[in-house]
Each structure stands twice: as C-alpha cells, then as structure tokens.
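Given next are the chains, with one letter for each unit.
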Amino acid sequence: MDKLPIKMKAVDLNAWFSGKQALSKINMDVYSNKVTAVIGPSGCGKSTFVRNLNRLHETIPGATVEGAVFLDEENIFKPRYDLVDLRRRVGMVFQKPTPFPTMSIYENAAAGIKLAGRVPRPVVDQAVETALKQAALWNEVKDCLDKPGIGLSGGQQQRLCIARTLAVRPEVILLDEPCSALDPISTGKIEELIHELKKEYAIVIVTHNMQQAARVADFTGFFLLGELVEFDVTGKIFTAPRDKRTEDYVTGRFG
Amino acid sequence: MIDSKLKEKAAFAILLAATIIVIAPVALILAIILINGLPALSFEFLFSIPRDGMRGGGIFPALVGTFYLIVGTALFAIPFGILAAIYLNEYAQRNRLTRAIELAIINLSGVPSIVYGLFGLSLFVEFLGFGASILAGSLTLAIMTLPVIITATREALSAVPRSFREVSFSLGASRWQTVRGVVLPNAIPGILTGTILGLSRAAGETAPILFTVAAFYLPKLPTSVYDQAMALPYHIYVLSTQVPNVSVKVQYGTVLVLVGMIFILNIVASYIRSYFRKKKTW
Ligand SMILES: Nc1ncnc2c1ncn2[C@@H]1O[C@H](COP(=O)(O)OP(=O)(O)O)[C@@H](O)[C@H]1O
Ligand SMILES: [Mg+2]
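Source: prediction; values computed, not measured.

### Examining the overall build of chain A
Consideration 1: The helix and strand tally for chain A stands at ten helices and ten strands.
Consideration 2: Taken against the 2.2 N^0.38 rule, which gives 18 Å for 255 residues, the C-alpha radius of gyration of chain A at 18 Å falls within 12% of a compact globule.
Consideration 3: If you line up chain A on its principal axes, its C-alpha atoms span 55 × 45 × 35 Å.
Consideration 4: Within the span of chain A, comprising 255 residues, buried residues form 57% of the whole.
Consideration 5: The contacts in chain A between residues at least 6 apart in sequence include a share of 67% that link residues at least 24 apart.
Consideration 6: Accessible surface, chain A as shown: approximately 11,200 Å² in total, 52% of it carbon and sulfur.
Consideration 7: Here chain A contributes 33 positively and 31 negatively charged side chains, and the mean placements of these two sets differ by 2 Å.

### Here's the deal with the environment of valine 124 of chain A
Residues and elements named next belong to chain A.
Consideration 1: Along the chain, the position of valine 124 falls in helix α4 (residues 121–134).
Consideration 2: We classify valine 124 as buried; its relative accessible area is 2%.
Consideration 3: Separated by 52 residues in the primary sequence, valine 124 and aspartate 72 place their C-alpha atoms 28 Å from one another.

### Focus on the interface of chain B and chain A
Consideration 1: Taken together, the contacts link 18 residues of chain B with 24 residues of chain A.
Consideration 2: Carbon and sulfur atoms supply 64% of the area that chain B and chain A bury against each other, a total of about 1,800 Å² over both sides.
Consideration 3: At the junction of chain B with chain A, the criterion picks out one salt bridge.
Consideration 4: The partner of arginine 51 of chain A in a salt bridge is glutamate 166 of chain B, and the shortest N-O contact between them spans 2.6 Å.
Consideration 5: Applying the counting rule to chain B against chain A returns four residue pairs in polar contact (both at pLDDT 80 or more).
Consideration 6: Secondary structure elements with two or more residues in the side of chain B that touches chain A: α7 (162–170) and α8 (175–204) of chain B.
Consideration 7: Counting residues per element, the side of chain B that touches chain A draws most heavily on α7 of chain B, at eight residues.

### Focus on the nonpolar core
Consideration 1: Counting 57 residues, the largest nonpolar core has Phe49 and Phe223 of chain A as the members making the most contacts within it.
Consideration 2: With six residues, α8 of chain B is the largest single contributor of residues to this core.
Consideration 3: Each residue touching phenylalanine 223 of chain A, except ones within four places of it in the same chain, is listed here: Leu23, Ile26, Met28, Val38, Ile39, Gly40, Pro41, Cys44, Gly45, Phe49 and Leu228 of chain A.
Consideration 4: Listed in part, the 46 residues of the second largest apolar core include Trp138, Cys179, Ile190 and Ala213 of chain A.

### Brief notes about the UniProt feature "domain: ABC transmembrane type-1" (unreviewed entry) in chain B
Consideration 1: With numbering matched to this structure, UniProt assigns "domain: ABC transmembrane type-1" (unreviewed entry) to residues 63–273 of chain B.
Consideration 2: What you have in residues 63–273 of chain B is 76% helix and 0% strand, and the ends, taken at the C-alpha atoms, are 27 Å apart.

### Quick notes on the environment of valine 259 of chain B
Residue and element names in this part refer to chain B.
Consideration 1: By the secondary structure assignment, valine 259 is in helix α11 (residues 248–279).
Consideration 2: Valine 259 sits 167 residues away from alanine 92 along the chain, and the two C-alpha atoms are 39 Å apart.
Consideration 3: Residues in contact with valine 259, not counting those within four places in the same chain, are Leu30 and Ile33.

### Regarding the state of the cysteines
Residue and element names in this part refer to chain A.
Consideration 1: Tallying each qualifying case throughout the model produces zero disulfides over all chains.
Consideration 2: You can see cysteine 179 has no disulfide; the closest cysteine sulfur is in cysteine 161, sitting 12 Å from it.
Consideration 3: On the basis of relative accessibility, which here comes to 7%, the residue cysteine 179 falls in the buried class.

### Some remarks on the packing of aromatic side chains
Consideration 1: Scanning the model with the defined rule gives 14 aromatic pairs over all chains in all.
Consideration 2: Between tyrosine 31 of chain A and phenylalanine 219 of chain A, the ring centres sit 4.7 Å apart and the planes meet at 45°, which makes this aromatic pair tilted. Note that tyrosine 31 of chain A is positioned in strand β2 (residues 20–31) and phenylalanine 219 of chain A in strand β9 (residues 219–224), a separation of 188 residues in sequence. Across the pair, exposure class does not vary: tyrosine 31 of chain A and phenylalanine 219 of chain A are buried alike.
Consideration 3: Aromatic side chains phenylalanine 43 of chain B and phenylalanine 47 of chain B sit 4.8 Å apart centroid to centroid with 40° between the ring planes, which places their arrangement in the tilted category. Placement of the pair is phenylalanine 43 of chain B and phenylalanine 47 of chain B together in helix α2 (residues 43–47), with a separation of four residues, close to one helical turn.
Consideration 4: Residue phenylalanine 47 of chain B is classed as partly exposed on the basis of its relative accessible area, which comes to 43%.
Consideration 5: These aromatic residues form a ring-pair network of at least three members: Phe119, Phe124, Phe130 and Tyr226 of chain B.
Consideration 6: For arginine 164 of chain A, the ring lying beneath its charged end belongs to phenylalanine 100 of chain A, and the centroid distance is 4.6 Å.

Reading the values: rules and limits
- Residues numbered from 1 in each chain as written.
- Chains lettered and ligands numbered in written order.
- Predicted model: local features only at pLDDT ≥ 70, side-chain atom pairs only at ≥ 80, totals over all residues.
- Heavy atoms only, no water.
- Helix = DSSP H or I, 4+ residues; strand = E, 2+ residues; numbered from the N terminus.
- Rg over C-alpha atoms; globule rule 2.2 N^0.38 Å.
- Buried < 20%, exposed > 50% of the residue type's maximum accessible area, 1.4 Å probe, protein only.
- Contact = heavy atoms within 4.5 Å.
- Areas by Shrake-Rupley, 256 points an atom, 1.4 Å probe, with all protein chains shown as cover.
- Lys, Arg positive; Asp, Glu negative; His and termini not counted.
- Charge placed at Lys NZ, Arg CZ, Asp CG, Glu CD.
- Buried area = accessible area lost by both parts, 1.4 Å probe.
- Salt bridge = Lys/Arg side-chain N within 4 Å of Asp/Glu carboxyl O.
- Polar contact = N/O pair within 3.5 Å; in protein donor to acceptor, adjacent residues only side chain to side chain.
- Core = buried A, V, L, I, M, F, W, Y, C linked by side-chain atoms within 4.5 Å.
- UniProt positions renumbered as here; feature names shortened; annotations may be inferred.
- Disulfide = S-S within 2.5 Å.
- Phe/Tyr/Trp six-rings, centres within 6.5 Å; stacked < 30°, edge-to-face > 60°.
- Lys NZ or Arg CZ within 6 Å of the ring centre and 35° of its normal.

Encoded structure:
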C-alpha cells in the first residue's frame, strides 16, 4: 500500500451542508490504476466525499469545505486552482443515468469535448468512437448515433454517460453508485468495464452493494456518519476488519 | 354504502355545475363576438383604411399598428427578460438583495396597466422626448411584459433538473457553457410559451398605449418608430365610445380580429407546451 503511486489524497477533509457537518476529518488515498470502493450506509457521506474530489460539492448553495485534497501532489483547494482543468482530469459518473435529453447519442458522447472549444469534426468523431468503444457501447449504437440518447435502455444510458466522461480523457474516474438504477446484466457489464478501465485510470466507486465492492475494488473505505472508519485492501475489509463497526456492517448486522 | 355513492354523485354534480358556471360566460361572450363580428370580416375590412369617420372602411392601420407594437415589445422585452431571468436563476447569490428583486418583480406584475401607461408617458414620451410614438408605446408595453417573461423564464429554468447542471460542471463546463449548452435547450419550450402569453396580453392592452402611442384616427401607415400609430384595442374603445352611430357589425368585427389574434397566439403557446411536454422525459 505504501509503495503504490498515489493519484489523489484527502487530508483532514471536512464538509458541511449549510452548517451541518457531512464529512469529518477524512484522510484517504486513491491509487493509480486501482479501483477504490467507498461503502457505508446511506447518508454516511459517500457522495459528499467523492463530490469533493472534483469540487462539485461546493456548487451546492450553502455547502462548505475545509482541509485538502491533492491531485498529483497539488492541492485542488488552493486559491485560483483551475476548476475546469480539475474537472476534466477528474471525471464523474452519477447515480442516475443522465444523458442530456436534447442531444443525440453522438452529441452526448461529444458534449465534454466540445466544451473545450472548436475541435475539428474528424477529431471529435475519433474521440467519440474511442470513448464509446471503451464504454463497451459502440457495437450497440454505431448505426444510430443520431438518435436521442434518452431513447437507450437504462444500462446503455449509463454506459453512454461513462463514454461522455471518458471522452474528455480524464485521469481519475469517480462513479457514484453507477449501477444502483440498473438491472443485474447491465450491472455486470459495467463491472467488467471497470476492470478494463483501471488499466488506464484511477477509479473511485461509491456503492452500497458490498458484493459489488468485493468484486471490483482493490481497496475499500468504510464510511459511517461522515467519518472514514476503516480503509484497507478490499479482502481485509471483508474478511478481517479491524474495527467492530466495519465488521458489523460487512456482516450485515446493520446498514 | 348508498350514502357514499350518493355523496359521490353530489360531488360530481357540484363540480360539473361549477365548471359550467365558469365556462358559460366565456362561451357566451365568444359566441356573441362571433355571431356579430363574422359578417364584418372581409378582405376589404382587414386591408383598407377606415372611412366615413370610421363608420365604414377597414381597420388596416390599427392591425398594422398592433403588429408593430407586438414586434417592438418583443424586441425589447424578450432579450432583457430572458437575460435577467438567467442572471437571477443561474448566477445571483440567494441573499436579501435578490429576494428584494424577486419581490419587486412579483409586485410589478400586479401593477395596474394604467400605471404603466402613465409611467411610459412621463419617462418615454416626455422625459426622453420620444413623443407619442411606436417606440414609446413598445417600451411601455415591454416594461409591463417584462415581469411575465422573467417569471415564466425562471420557472422554465428551475424546471431543468439540477443533475443536468452538475453533469455539465463535472465535464469541465463553465457556468455560461452550462447555461447555453444544457439549461437553455431544455428550458426553451417553457420560455417560448411564457413569452408568447406575455406578448399576447400586451397586444390586447389599451391603457399602456393610450398616452404613449395610440392615435385616434390616422389614415396612413406609420413610417418610422417615432410615428404615432393606431392600435386595435384603442380603436375598439374609440369605435364604441367616441364615435356616434358606428354599426354593430364594424364594432364586433374589430373585436373579433383582436380576440382572434390573441387566440392564435395563445393556441400557439399551448401547442408548444403540449408538444414538448410529450417529448419531455426527465
Ligand atoms: N444537497 C444537500 N443539502 C443538505 N444536506 C445534504 C445534501 N446532500 C446530502 N446531504 C446530507 O449530507 C449527509 C451525507 O449525504 P451523502 O453524501 O449524500 O450520503 P451518501 O451518499 O453516503 O448516501 C446526509 O446526512 C445528507 O442528508
Ligand atoms: Mg449517495
């Protein structure tokens, strides 16, 4: 654990919603080319944590934050840190599949690229194709790229959202319960995808499904009431947790 | 058992009666306007100038004047209204100042239209020296319409789920890119509907144009924005109160044209609304 390259590092991270504390003193690392799972009962601050890794938390009125998060050893909370750059390097996929309803499949996949300014059409075409292939969606949609993105099934929509994130070529991917709205088959596809993606990216996945964490994650952090109770190699969290509360949670005694 | 069935029937009867009482006067008014107005409608009536001291001829100058006023109102009210709404909804901090502005906008939409008319008279006609003109009238109507457009636009913007904005931010979009690329395209139907309804209300107003643009009788078309113009609502007022012995046919014909115009605008607005509501999926 010590020798692994650290991609992101939260140091004494605290976060509030209108004065109500949602995260307390979180210290946690995210490693390159590894999948890190964030587990815990609902309302424990999992989403709040990952939403601080791309500084989306503070876009909510009344939301505040203290502490530091390092991306490649640079504190993303330092004054005048470039938020656009941060969010392009740290991409995010949300719980509910949210393709933009007014856009086609192609436009959805290209939405992030086009924000950066004028990009020649062949370059966009190439990026869209690569991203859709990475997201294991290309074969299903290559003949209907002009159809609306919301016409796809839920699982396809979520993979489209993953493609949209990948197309920006991030370094870290945050997935906030990406499968909770999906059927088991789509979930399986996305888990496979995560296995593929970690070859190139650092991945953080929030899940309330412990089997899922056990299947996909190299490391797992257990959150409870806004605190990081325990962080370790996934196997240890599930078989030999050090903290009684972790044990209770992973054995299903609460949560 | 029987009791509850009876109550159900009574409730149904009362609701139906209430609906009929509400609809009947509107239907009656429309019927009277149609019956009396339709015989007057003709190509000549629509496209020729009034004659015989407005007792005959057509209403072309008033029709054109009202058209110019709608266009002028739209030119001023739509851009400012939409931009202000975007600012208030997407940019402004929630603080005392924005709440005061919001309260002011709500109250502005309740101000009687004659007050807007007097305001337009003192600001545009006199102080800014535009004189009674299409410019002054359009500006007055625009100010009256702004709160409607701002409120409708804000509602349409608020209806776009926050999740779309978050996705856009998460892709590295700035606030303006988010508004342009994601929020506005999803809000356009609501904005259009509200805007058209606001304009159609402006088209039928008399008080705001009374001192700012409306001409009693002007048998030629305006040639510049500084010209006075006839307008349908004021023309109706003139025909029914200021000129003796105008035939009922001419009066109702004019009313029918104005009501028809507003009706068409409203139908377009509700068509847009229902068309996009069917397509909406979030
Ligand atoms: N937009 C918000 N406004 C106020 N409180 C919030 C908001 N989002 C989350 N919270 C609160 O913060 C805490 C952590 O929430 P969250 O991070 O969403 O939990 P999780 O993702 O683990 O279910 C909860 O108590 C929740 O009620
Ligand atoms: Mg959550």
